[in-house]
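# Secondary and tertiary structure notes
In case you want the letters, here they are:
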Amino acid sequence: MPDKCPKFLSALIFSALAVTAIIFSCLAVASCEFIKYTDPAADAPDGATLTAGLFKFEVADMGECVTYSESEVESLTLMEKTAMVCGFLAPCIGILGLALATLELFLCDRCCVGCIVSVLFAFATIAQSLTFMFLRSDSFCSVTSCTVGAGGIYSIVAVSVLCVTGCTLGCIPKSEPLLTRGKGGD
């Protein structure tokens, strides 16, 4: 029994990392401040600094975030649309990986589940990384340069933690499923 506690603790650390990564990924997607750019059409001498997120942008006159309209989404470039899709996919893939790892921890002891979960977190890391394509946005950054906003920082943290989470899974000792412990010949 003494060796089962560290295995469970390792699984708990993995779960905490995975949940943290998913939260930061969701924050990046929900942010209105993925990039900051200068609006040259503004009345200010140097223009007004505005923000845009993957799914929302700041309206200059109102100073509030609104979701892109259908026509605005259609006018976005393929790179911007790819960033949006990847921003949506990254937390979804992370949730799937966490669910599969949790299922393995409690119910089953199948071969290669750890590898599948690691691959899922690798895909989530790649998807989250592809959200940075938004920094090359023609819609917002064609006239002026864009800088990383709060949503971009969340995305950097999400990429880092997703990567660490996927790598950590390879270091966690495999344990007997919790709901089947003590059954059988023990």
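Summary of the structure given here. (Residues numbered from 1 in each chain as written. Predicted model: local features only at pLDDT ≥ 70, side-chain atom pairs only at ≥ 80, totals over all residues. Heavy atoms only, no water.)

### Regarding the overall build of the chain
Short version of the rule: In this text, helices come from DSSP runs of H or I with a minimum length of four residues, and strands from runs of E with a minimum of two, each type numbered from the N-terminal end. When a residue's accessible area, from a 1.4 Å probe over protein chains only, is under 20% of the maximum for its type it is buried; when over 50% it is exposed; and in between it is partly exposed. Any two residues whose heavy atoms approach within 4.5 Å at even a single point are treated as in contact. Here, Shrake-Rupley sampling with a 1.4 Å probe gives the accessible areas, and only protein chains in the shown set may cover a residue.
A count of helices and strands for the chain gives 6 helices and 5 strands. Secondary structure of the chain in N-to-C order comes out as α-β-β-β-β-α-α-α-α-β-α. Per-residue burial over the chain gives 37% buried out of 186 residues. In the chain, once contacts between residues fewer than 6 apart in sequence are set aside, the share between residues at least 24 apart is 67%. Carbon and sulfur atoms provide 68% of the accessible area of the chain, an area that totals close to 10000 Å².

### Here's the deal with the packing of aromatic side chains
For clarity, the threshold we go by: Note on aromatic contacts: the rings of Phe and Tyr and the six-membered ring of Trp form a pair at centre separations within 6.5 Å, being stacked when their planes are under 30 degrees apart, edge-to-face when over 60 apart, and tilted otherwise.
In total, this model carries 5 aromatic pairs according to the counting rule given. Judged by centre distance (6.1 Å) and plane angle (50°), the ring pair of Phe24 and Tyr154 falls under tilted. Of this pair, Phe24 sits in helix H1 (residues 4-30) while Tyr154 is found in helix H6 (residues 150-171), placing the two residues 130 residues apart along the sequence. Note on Phe34 and Phe134: the rings are 6.1 Å apart at their centroids and 85° apart in plane angle, and the pair reads as edge-to-face. With Phe34 in the loop between H1 and strand S1 (35-39) and Phe134 in the loop between helix H4 (113-129) and helix H5 (138-141), this pair connects stretches of sequence that are 100 residues apart. Classification of Phe34 by relative accessible area gives buried; the value is 0%. Look at Phe134 and you get buried, because its relative accessible area is 0%.

### With respect to a nonpolar patch on the surface
Where we set the bar: Each patch is built from residues that are more than 30% exposed by relative accessible area and take part in no salt bridge. Like charges join if they lie within 9 Å; nonpolar side chains (Val, Leu, Ile, Met, Phe, Trp, Tyr) join within 5 Å. Basic side-chain nitrogens of Lys or Arg form a salt bridge, by our definition, when they fall within 4 Å of a carboxyl oxygen of Asp or Glu.
Nonpolar side chains collect at one region of the surface, where Phe8, Leu9, Leu12 and Ile13 lie side by side and expose about 350 Å² of accessible area between them. By the element assignment, Leu9 lies in helix H1. Owing to a relative accessible area of 46%, Leu9 belongs among the partly exposed residues under this scheme.

### Focus: the environment of Cys115
Position of Cys115 among the secondary structure elements: in helix H4. Residues Cys115 and Gly166, spaced 51 residues apart in sequence, show a C-alpha to C-alpha distance of 9.4 Å.

### Some remarks on the nonpolar core
For clarity, the threshold we go by: What we call a nonpolar core is a set of buried Ala, Val, Leu, Ile, Met, Phe, Trp, Tyr and Cys residues that are connected through their side-chain atoms within 4.5 Å.
Among the nonpolar cores identified, the biggest contains 16 residues, and Ile35, Ala52, Tyr68, Phe134 and Phe140 are the most heavily contacted of them. Of all the secondary-structure elements, those providing two or more residues to this core are S1, strand S2 (48-52), helix H3 (78-106) and H5. Setting aside residues up to four positions removed in sequence, Ile35 forms contacts with Leu50, Thr51, Ala52, Phe134, Leu135, Ser137, Phe140, Cys141, Cys146, Thr147 and Gly149. Residues Phe14, Ile22, Phe121 and Leu169 belong to the second largest nonpolar core, which totals 15 residues.

### Quick notes on the side chain of Ser31
Put simply, the rule is: Any pair of nitrogen or oxygen atoms within 3.5 Å is treated as a polar contact; in protein, a donor-acceptor pairing is required on top of that, and neighbouring residues in sequence qualify only through side-chain atoms on both sides.
Structurally, Ser31 is set in the loop between H1 and S1. Among the polar contacts made by the side chain of Ser31, one reaches the main-chain amide nitrogen of Gly151 at a distance of 3.4 Å. Ignoring any residue separated from it by four or fewer positions in sequence, one finds Ser31 in contact with Gly53, Leu54, Ala150 and Gly151.

### As for the environment of Ala127
Within the secondary structure, Ala127 sits in helix H4. C-alpha separation for the pair Ala127 and Phe88, spaced 39 residues apart in sequence, amounts to 8.6 Å. With residues up to four places along the chain from it excluded, the contact list for Ala127 reads Cys86 and Ala90.

### Here we look at the environment of Thr49
Its place among the elements puts Thr49 in strand S2. Residue Thr49 is classed as exposed on the basis of its relative accessible area, which comes to 56%. Along the primary structure Thr49 and Cys146 are separated by 97 residues, whereas in three dimensions their C-alpha atoms are 9.9 Å apart. Among all residues touching Thr49, those that are not within four sequence positions of it are Lys36, Tyr37, Thr38 and Glu58.

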